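Below, each chain spelled out in residue letters.
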Amino acid sequence: MGKNTISTLNRMKANGEKIAVITSYDASFTQQVEAAGVDAILVGDSLGMVVQGHESTLPVTVSDMVYHTANVVRVSRQAMVIADMPFMSHGSAEQALDTAGRLMKEGGAHMVKIEGGAPQLETVHHLTARAVPVCGHLGLMPQSIHQLGAYRVQGRGEHAGERILKDAVGLQDAGAQMLVLECVPALLAAEITRALDIPVIGIGAGVDVDGQVLVLYDMLGITMNGTPSFVRDFLAEEHSVQGALAAYVRAVKDKQFPAEEHTFK
Ligand code: KIV
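What comes next is a walk through the structure. Keep in mind it's a predicted model, so treat the numbers as computed, not measured.

In this section: the site of the ligand. By nearness alone, every residue bordering the ligand is listed as Thr-23, Leu-42, Gly-44, Asp-45, Ser-46, Asp-84, Lys-113, His-137, Val-180, Glu-182, Ile-203 and Val-215. Ser-46 has a polar side-chain atom sitting 2.5 Å from an oxygen atom of the ligand. Asp-84 is positioned with one of its side-chain polar atoms (N or O) 3.1 Å from an oxygen atom of the ligand. For the ligand, whose accessible area on its own is 260 Å², the fraction buried by protein is 96%. The class makeup of the residues in the shell around the ligand is four nonpolar, four polar and four charged.

This is the structure in structure tokens:
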């Protein structure tokens, strides 16, 4: 079987087959994740918290992202690899192009992920018009933590929900080929997923999206600051990393994860 591409993920959305995504940051975990059969790997800037021990994702540099992306890509065989554009690496369209160029040329990423809605549309268009595949990220955007004040559910209430839906459509129109929706009410996530042609990957966004992503260390229950409410600790149930990863992929495909208790109303 060839490597997964955006066409693979589009086909899965069209066929109603759930897409299993997980974060990874190094070679050894990537081998485990690949063996479990995930469809895509996100080299998330969450590495700033779970690998580097920072309080937020803000200190992560482009060089950090290139380094970790290269470690993942070196051993990945089947999964498509998406790399995060870290904080302050996409302040202008030109800066974003430089960052994406490094992540793809030096890191080997197949797609880059960028947080933000309306203010990012010009940048997303600039990238996608130059052959850079882009994944958007809406809802809870961890790079905005100091504006938000806390990591909490976004898009509650008619106006807030409408704004996220509008941003999602705007990102797709600007050329984004995938969207991550983080910590939004399940009904809103379902509405956005129906409205978009591109795959929508949820984290804390309920089961009615095209796929799920979790931070690897969260689903293994080894995160330093406790496990968020939308996460299931698969290692506690399975007693081995390989078993936990396989159970995660199975649960996503069978729509057993996320369950009600991992979902925001
Ligand atoms: O950085 C990351 O790991 C992410 C996921 C939480 C979606 O953006």
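This part takes up helix H9 (residues 186-195). Inspection of H9 places Leu-188, Ala-189, Ala-190, Ile-192 and Thr-193 among the buried residues, and these make up the whole buried set. Buried positions along H9 lie against helix H1 (6-15), helix H8 (158-173), strand S6 (178-182) and strand S7 (200-203).

Put simply, helix H4 (residues 62-75) and helix H5 (residues 93-105) touch, their axes get as near as 9 Å, and they point 25° apart. It follows from the interaxial angle that H4 and H5 lie roughly parallel. In this structure, H4 crosses over H5, and the sense of that crossing is right-handed. On H5, the residues touching Val-62, Ser-63, Met-65, Val-66 and Thr-69 of H4 are Thr-99, Arg-102 and Leu-103. A breakdown of the residues in the contact of H4 with H5 according to their chemical character gives four nonpolar, three polar and one charged.

A full pass over the atoms with the stated rule returns zero disulfides. Here Cys-135 is not cross-linked by a disulfide; its sulfur's nearest cysteine counterpart is in Cys-183, at 15 Å. Given a relative accessible area of 1%, Cys-135 falls into the buried group.

Turning next to the side chain of Ser-24. Within the secondary structure layout, Ser-24 lies in the loop between strand S1 (19-23) and helix H2 (27-36). Classification of Ser-24 as buried rests on a relative accessible area of 0%. A distance of 2.9 Å separates the side chain of Ser-24 from the side chain of Thr-30, its partner in a polar contact. Residues in contact with Ser-24, not counting those within four places in the same chain, are Phe-29, Thr-30, Ile-41, Leu-42, Val-43, Val-72 and Leu-216.

Moving on, we come to the pattern of salt bridges. One pass over the full model with this rule turns up seven salt bridges. Here Glu-237 makes a salt bridge to Arg-232, at a shortest N to O gap of 2.9 Å. Look at Glu-237 and you get partly exposed, because its relative accessible area is 39%. A network of salt bridges, in which partner residues are shared, links Glu-17, Asp-39 and Lys-253.

What counts, and where the lines are drawn
- Residues numbered from 1 in each chain as written.
- Predicted model: local features only at pLDDT ≥ 70, side-chain atom pairs only at ≥ 80, totals over all residues.
- Heavy atoms only, no water.
- Near = heavy atom within 4 Å.
- Polar contact = N/O pair within 3.5 Å; in protein donor to acceptor, adjacent residues only side chain to side chain.
- Areas by Shrake-Rupley, 256 points an atom, 1.4 Å probe, with all protein chains shown as cover.
- Nonpolar A, V, L, I, M, F, W, Y, C, P; charged D, E, K, R; others polar.
- Buried < 20%, exposed > 50% of the residue type's maximum accessible area, 1.4 Å probe, protein only.
- Helix = DSSP H or I, 4+ residues; strand = E, 2+ residues; numbered from the N terminus.
- Contact = heavy atoms within 4.5 Å.
- Axes fitted to C-alpha atoms, helices over the stretch in contact; angles between N-to-C directions.
- Parallel < 35°, antiparallel > 145°, perpendicular 65-115°, else oblique.
- Left-handed = near helix turned anticlockwise from the far one by under 90°.
- Disulfide = S-S within 2.5 Å.
- Salt bridge = Lys/Arg side-chain N within 4 Å of Asp/Glu carboxyl O.

These figures come from the coordinates and say nothing about function on their own.
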